Amino acid sequence: MTSPHTAALPGQPHFSHRDGELFVEDVALRELAREHGTPLFVYSKAAMLSALAAYQRGFAGRKARICYAMKANSSLAVLQVFAQAGCGFDIVSGGELQRALAAGGRPADIIFSGVGKTRAEMRQALDSGIGCFNVESEAELEVLSEVATAAGAVAPVSIRVNPDVDPKTHPYISTGLKGNKFGVAHDRALAAYRRAAALPGLRVVGIDCHIGSQITAAAPYLDAMDRILDLVESVEAAGIALPHIDFGGGLGIAYQGEQPPAADALWARLFEKLDARGFGDRQFLIEPGRSLVGNAGACLTEVLYLKPGEQKNFCVVDAAMNDLPRPAMYQAWHAIVPLGASSAAASTYDIVGPVCESGDWIARDRELAVRPGDVLAVLSAGAYCMSMASNYNSRGRAAEVLVDGDRAVLIRARETVADQMRMERLLP
Ligand SMILES: *Cc1c(COP(=O)(O)O)cnc(C)c1O
């Protein structure tokens, strides 16, 4: 279904202009906005599967499991796409466990990360038969062993190790450094493994790390791999086998022209190192989140008002920080594209939402030709948007649609005020 007037968006081949109209796969976004209203999240199944395929190519002929880090986007139908494609899941709460199971995830392919697992969550995960607990502290080892013993079970564990990759060379890495809350320090890891091996309720099955998010260079991964392999050697020299190596997630996407390594190219380099050091035939796990879904989604939002000013022109839209929290939280940049041509004159705008906070902005200083009633697509909105959405200002969460070729399925209805008030009670 290509025409001479088709032009894919840069870095997002599943979103394209056809005769000036923005499409996702073979569906016009304007039709979806008309049918379902705005704000509306729209996802491309083909974009998710092609992001996954890059990892699958990287692991061809190896023993590997891709566990989608579902906190990036935990909508059931999105999980279903990955479960059907053979992925496991990396979860960080009991709620995520229930979602993964409801979407068809196989318990043995689920790994449980996070620094604050409760006893109840541990018990729930043990009862479900998950594949591995990624333990983040020595205190957690003790509690997990107690919970498992009381349940008459043995918990499969990996210890999340903090590789402490040099911050001077890679200052953008934020979770694999000394001084953040994640993982066990590199120089404590051997002692932690000795303790794990001695506890009655635990069975050591691997080692893991996760060095940060939106990583756009290969060097920190290569450095971290060396640090992890050093540890694997010393732990195994102490007589504790580590059947799997879980290398976490964190690979970045292009929001604004970034050029992160492709997953297959990155893994080709990592396997060079692994093969050279004699670890190429281990079982590998990875936990990608953003890189599987980030550029598969867009958020459609209608222009409500144009508000020219002395210093700034504002374009007020119907999506806000409760739908798209990344700009307010991380000063993140999202591309904004009108769904079609407009006869309006172009001007420079800050794009802002209706929420009563100055932090409620979606984009700054963008040149746009728009008028009220036009619909804009906020791109790269597949990861860490809907899964972080809130009801601030008593705004219902947006609806979601998943597109597959020329078919579009509503995968989440727009949240109503009744939905929001359902758990609340007036005083007697
Ligand atoms: C968030 C997280 C991931 C996924 O990170 P991305 O940057 O989205 O790939 C993987 N593993 C753990 C432990 C995480 O906390």
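Residues numbered from 1 in each chain as written. Predicted model: local features only at pLDDT ≥ 70, side-chain atom pairs only at ≥ 80, totals over all residues. Heavy atoms only, no water.

*Asks:* Which residues make up the sheet that holds strand β2 (residues 12–18), and what are the values?
*Replies:* Strand order in the open sheet made by the four strands is β1-β2-β3-β4, with antiparallel pairing throughout. Two strands bound the open sheet, and with one partner strand each, they are β1 (6–9) and β4 (27–28). Pairing geometry for β2 and strand β3 (residues 21–24), over four bridges, is antiparallel. From the neighbouring strand, F15 faces β3, where its bridge partner is V24. (Pairing = 2+ DSSP bridges. Helix = DSSP H or I, 4+ residues; strand = E, 2+ residues; numbered from the N terminus.)

*Asks:* Now, about the state of the cysteines: what can you tell me, with residues and values included?
*Replies:* Taken as a whole and assessed by the stated rule, the structure comprises zero disulfides. Of all cysteine sulfurs in the structure, the one in C299 sits closest to C315, which takes part in no disulfide; the separation is 13 Å. As a non-bridged cysteine, C385 has C299 as the owner of its nearest cysteine sulfur, 7.5 Å distant. (Disulfide = S-S within 2.5 Å.)

*Asks:* Lay out empty space enclosed by the protein with the relevant residues and their values.
*Replies:* One pass over the full model with this rule turns up one cavity of 30 Å³ or more. Here the largest cavity defines a volume of roughly 80 Å³. Together, Y55, Y221, F247, G248, G249, G250, L251, L266, W267, L270 and I286 line the largest cavity. In terms of residue count, the dominant contributor to the lining of the largest cavity is helix α9 (residues 263–276) (three residues). Class assignment for the residues of the lining of the largest cavity results in eight nonpolar, three polar and no charged. (1 Å grid on protein atoms, 1.4 Å probe; cavity = no way out; pocket = protein on both sides within 12 Å on 5 of 7 lines; lining within 4 Å. Points joined across faces, edges and corners; volume = space filled by probe spheres on them. Nonpolar A, V, L, I, M, F, W, Y, C, P; charged D, E, K, R; others polar.)

*Asks:* Give a description of the site of the ligand that names residues and reports values.
*Replies:* Around the ligand, the structure places 14 residues, and the nearest of them are K71, S213, E287, R290 and Y384. Between the ligand and S213, the relevant distance is 2.4 Å, taken from an oxygen atom to a side-chain nitrogen or oxygen of the residue. For the ligand, a nitrogen atom lies 2.6 Å from a polar atom in the side chain of E287. Of the pockets mapped on this structure, the ligand occupies the largest pocket. Across the shell around the ligand, the residue classes break down as three nonpolar, six polar and five charged. (Near = heavy atom within 4 Å. Polar contact = N/O pair within 3.5 Å; in protein donor to acceptor, adjacent residues only side chain to side chain. Sits in = over half its atoms within 2 Å of the grid points.)

*Asks:* I'd like a description of the packing of helix α8 (residues 219–237) against α9, backed by residues and values.
*Replies:* The geometry of α8 relative to α9 is characterised by a closest axis approach of 10 Å and an angle of 30 degrees between their N-to-C directions. Comparing their axes, α9 and α8 come out roughly parallel. Along this stretch, α8 crosses α9, giving a crossing that reads as right-handed. Judged by residue contacts, Y221, L222, M225, D226 and L229 of α8 engage L266, W267, R269, L270, K273 and L274 from α9. The class makeup of the residues in the contact of α8 with α9 is eight nonpolar, no polar and three charged. (Axes fitted to C-alpha atoms, helices over the stretch in contact; angles between N-to-C directions. Parallel < 35°, antiparallel > 145°, perpendicular 65-115°, else oblique. Left-handed = near helix turned anticlockwise from the far one by under 90°. Contact = heavy atoms within 4.5 Å.)

So yeah, pure geometry; function would need other evidence.
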